[in-house]
Each structure stands twice: as C-alpha cells, then as structure tokens.
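Inside the fold
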Amino acid sequence: MNRKRKLIIAFLSLSILSFIVIKLKAKPEIITVDPAYVQYVSAYTSGMLSKNSTIKIELANELPVDTNYTSNDEMPLPDSNLLKKAISFSPSIKGHAKFLSTRVIEFTPDEPLKEQTLYTATFKLSKFVDVEKRFKKFKFQFSTYSQTMFVDVQGAQNLDAYNIEWQTMNGTVKLSDDEDTTKLFKTIKATQNGNDLKVKWNKIDATNYTFYVDSIVRNADKGKVKVSWNGKYIGAKDKGEVEKTIPALGDFVVTNTKVNNDENSSFTITFSDPIKQDQDLNGLITLSTNEALTFSIQQNEVQVFLPERIVGTYTLNVLPGVKNFKGYAMNTAYRNEIEFEQPRPL
C-alpha cells in the first residue's frame, strides 16, 4: 500500500471518530491531519481500536541505525531510548515505545486502554526528522470500543443418550472487544430451583465464547433453571436472564426451538428426552408454510429442513405421537411462533 493511500484511509477514519465523539460524555476537538504530513509520515494508528491494542507510527523514510542497538542479531535498529518522551497522549497512557524497524515505531500501553474513549496522540516528529516549524509535532486520534455482550442460551440436553437424569445447558457469548477472562467469567450465573450451578467456559477467539451449565438434575417433579448475566464486571451495560423448564422424569416435551443461521432454512427442536431414531415425523412436526419438511434426529434434537429459504414468522406445531428413545409418546402438543430473518450480507 503506497503512502498516499494509507493516509487517505486514515483521513476517512476521522468520520468514524466524529460519530464516536457524540457518544462520549466530553466533546474533545476532532483533529484533521494535514495531508502534507505524507512527506514525513506514511501511516499511523487511527479509527476504532481494541483496548488491548498497540499504537503505531510509520515514517516515510528510514532513520539512521545504531549498530550497537539491535532487536535481534540480524537487523540493526535506531536506539529506542530516543523515543522517551517523544510520544504523549491525552488522556494519558503509561507505556513504552520501541522501534520495530528503521521506519516503524510501536507504543505498548502498560494497561488496557479505557473503553469508549477518544485519544489524541502527539509525536515529536522534529526529534527524528528535519521538518518545517509547522510539522514539528504530529497529532493524530483514535478511539476504543464500548464493551457489549450478547448472550444466547439454548435448551437443556441430556448428559448422554441414555442418561436422562442429568442434563447440561449450552450458551454463547459475543463481545464487542477482547476481555480479561477472570472478569468475564463473573458475568454469568446459573441456578436450579434457587441452588447455584457450575458454569464452565470455552474461548473460541478474542470476542466469542461458549459456556455450559453443568450438573442439572432432572427430578420426579419439573423444575426451573435460571441463567442470568450482568455486564458490570466488564464495563458493559448489558444484563438479562432466561428461565428454562426442566421437565419431570415422567414428562416428554419440547424444551427449546432455534432457527439456524446457515445457507439453508432450517431450525432445531430440542426435546427433554432423546428421540426414537426410526420414526416417521411427517405430519407430527409441521410449519405453517405448508412446505414439505425433512428431518434429522440426533439424540434429543431434531433438525428440520425446508426446501428453500423463507423470511417471516411462521407457526410450528409438534403433535402428540412423537416418541422418545424408550418408545413413550409425547402427550401434549407444542405450538410456537418462530421467525426466519433476512440473511445478512457477507
């Protein structure tokens, strides 16, 4: 990417920063970088950042190297001690700067940046490059995300196909930014009939997690499992709760329905018990589209496929007659409205 193109991208990011400022309590001045800086600075950090990001400046030309100072045995670099007090921030950021190459400078904060904050960086350009007086200091801006969390809790599932006395409940968490897991793991709690349950986590990537609620007991009487979340531990405003019914051992019911986000229109029905594999579900599970449905049974879940993608809200009916793995038929019909959304653009 050439220098002018890099700076153009940086200039476009100013419009994003202008929008972010509206969201902030204070209203700091938005800086417009003079395009003439391209002769000295070819790229710099701008736009929206994770709070765990570093800040970089790429100079247009290489700096002289100190052969006595190297980051490794192969590439001599300028002395990073020259960067002391060369970069400052408002609000203040404590950290340290170093040369990654003869042109690239990286500042690493000692702690995560403040969320939803607009930062102004000042780099003493004249300390490294001969410039006109008006270019002595190079100022640029960037902003950090506001942390949010989206929680999706699925229905309870049996521990295995033949153990219906113990169940687990799965869920997913989507964050807007990277987070300290010791704080994140405090956000979700689960109880069964008022008693605390263990919540176990699995990290998918920086902003996506799965969790499951362990050791849910299925008793002779039906019960309730409540999953609640509170984002205050990670600086998010999101909070909520869902309550799922745990059927009695003698009951056989639908516990959850979920539309699947895939290329084909499909949805999953979760039952309290594993479903008998060799039964014909045609006519027992219907959708108000009146389309011919196909089914795939796996333990206590039935995945239902439509012949083509649909959009809108439709009525799902599960009729008595669906059998569990022991051959017992469901006694009570199930009816629910499910929504198929317009596919999102890639």
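Remember, it's a predicted structure, so these values are computed and weren't measured experimentally.

**Re the sheet that holds strand β18 (residues 254-259)**
Judged by pairing direction, the sheet is antiparallel, and its four strands sit side by side in the order β18-β19-β22-β21 without closing on themselves. With one partner strand each, in any of the chains shown, β18 and β21 (294-298) form the two edges of the open sheet. Between one strand axis and the next, the sheet turns through 20° on average, direction left out of account. By the bridge criterion, five bridges tie β18 to strand β19 (residues 266-271) in an arrangement that is antiparallel. Bridge assignment links T257 to a residue of β19, and that residue is I269.

**Here we look at a positive patch on the surface**
A cluster of basic residues, K85, K124, K127, K133, K136, K137 and K139, forms a positive patch on the protein surface. Mapped onto the elements, K137 comes out in strand β10 (residues 137-144).

**A look at the confidence of the model for the protein**
Chain-level pLDDT for the protein is 87 on average; 86% of the residues reach the 70-or-more range. The low-confidence segment residues 7-12, where pLDDT is below 50, has 12 contacts with residues more than four positions distant or belonging to other chains. Within the model, the stretch residues 14-22 combines pLDDT values under 50 with 18 contacts to residues more than four positions away or in other chains.

What counts and how
Residues numbered from 1 in each chain as written. Predicted model: local features only at pLDDT ≥ 70, side-chain atom pairs only at ≥ 80, totals over all residues. Heavy atoms only, no water. Pairing = 2+ DSSP bridges. Helix = DSSP H or I, 4+ residues; strand = E, 2+ residues; numbered from the N terminus. Axes fitted to C-alpha atoms, helices over the stretch in contact; angles between N-to-C directions. Patch = residues over 30% accessible without salt bridge, like charges linked within 9 Å, V, L, I, M, F, W, Y side chains within 5 Å. Areas by Shrake-Rupley, 256 points an atom, 1.4 Å probe, with all protein chains shown as cover. Salt bridge = Lys/Arg side-chain N within 4 Å of Asp/Glu carboxyl O. Lys, Arg positive; Asp, Glu negative; His and termini not counted. Charge placed at Lys NZ, Arg CZ, Asp CG, Glu CD. pLDDT = per-residue confidence, 0-100. Contact = heavy atoms within 4.5 Å.

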